[in-house]
Amino acid sequence: MENSPAMKATNLIYSFSLAASLALVSCSKADQTSTNNPPENKTVNTNEVAVITTTEGTMVVEFWTDAAPNTIANFKKLANSGFYDGTAFHRVIKGFMIQGGDPLTKDPSKEAAWGTGGPGYSIKAEFNDHPHVRGVISMARSQDPDSAGSQFFICHGDPSFLDHQYTTFGKLIKGDDVLEKIATTPTHPQDRPDKRMGIISIKIVPRDSVK
């Protein structure tokens, strides 16, 4: 019998900790694409948003600067450097979430290793009171709370069991239809999309520039 979305959601917390996310902090130096230190900047521009351009359309994320300033600063730094450009959403679970941010997904021949890449460092958790509901963006991590790096996920469902365990840092203000397209695409084992769900670019832009 096929697992229900609820069962898949329950299982995913173990997937974050074991199959995919353990390698966020244990990937080899050969797989690390950046050795820069994470930013330690408490000052975050509140008038900026992230424009995530994908093969399925565009999503726009507003940041919760009150909740996770260092996480947001790290995400912006990676986006501004082009780190995310050409990556893909490598794990998709309908009714739960879509996960991306792994630099190894730039190379389709490395699909077996997708989910094991990162920026070469980790950042401290900033757990907060913003809940995991549809459209919320949050950081993937391993069992160590302070092991997030570059991988993130956008909730398709309302996985409240992740609250106060994963760092939420923003929410979609545009592109829910794109989230729906990606989250409901057919998948094969390891929750890999059959069709590449590419991230063409992530740009940090002034909020008032987005229509």
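Bear in mind the structure is a predicted one, so any value in this text is a computation, not a measurement.

Participant: Let's hear about the packing of aromatic side chains: which residues, and what values?
Facilitator: For the structure on display, the rule yields 9 aromatic pairs. Ring plane angle 80 degrees and centroid distance 5.7 Å describe the contact between Phe75 and Phe152, whose orientation is recorded as edge-to-face. In this pair, Phe75 sits in helix H3 (residues 69-80) while Phe152 sits in strand E7 (residues 152-155), placing the two residues 77 residues apart along the sequence. Of the two residues examined, Phe75 and Phe152, each falls in the buried class.

Participant: Please set out unusual backbone geometry residue by residue, giving values where relevant.
Facilitator: Even without being glycine, His164 reaches a positive phi, approximately 65 degrees. By the secondary structure assignment, His164 is in the loop between E7 and strand E8 (168-174). At Gln190, a position not held by glycine, the phi torsion is positive, near 70 degrees. Residue position: Gln190 is located in the loop between strand E9 (187-188) and strand E10 (192-193).

Participant: Please provide a residue-by-residue account of the pairing of strand E11 (residues 198-206), values included.
Facilitator: Here 7 bridges tie strand E1 (residues 48-54) to E11, and the two strands are oriented antiparallel to one another. By the bridge assignment, Val51 is partnered in E11 with Lys203. Sheet topology places strand E3 (residues 87-88) next to E11; 2 bridges connect them, and they run antiparallel. Opposite Thr87, over in E11, you have Ile199 as the bridge partner.

Participant: Give me the side chain of Arg141: which residues, what numbers.
Facilitator: Relative to the assigned elements, Arg141 resides in the loop between strand E6 (136-139) and E7. Buried charged residue Arg141 carries no salt bridge. Nearest counter-charge: Asp144, at 6.6 Å. Within the structure, Arg141 has its side chain in polar contact with the backbone oxygen of Gln165 (distance 2.7 Å).

Rules used in this analysis
Residues numbered from 1 in each chain as written. Predicted model: local features only at pLDDT ≥ 70, side-chain atom pairs only at ≥ 80, totals over all residues. Heavy atoms only, no water. Phe/Tyr/Trp six-rings, centres within 6.5 Å; stacked < 30°, edge-to-face > 60°. Helix = DSSP H or I, 4+ residues; strand = E, 2+ residues; numbered from the N terminus. Buried < 20%, exposed > 50% of the residue type's maximum accessible area, 1.4 Å probe, protein only. Pairing = 2+ DSSP bridges. Lys, Arg positive; Asp, Glu negative; His and termini not counted. Salt bridge = Lys/Arg side-chain N within 4 Å of Asp/Glu carboxyl O. Polar contact = N/O pair within 3.5 Å; in protein donor to acceptor, adjacent residues only side chain to side chain.

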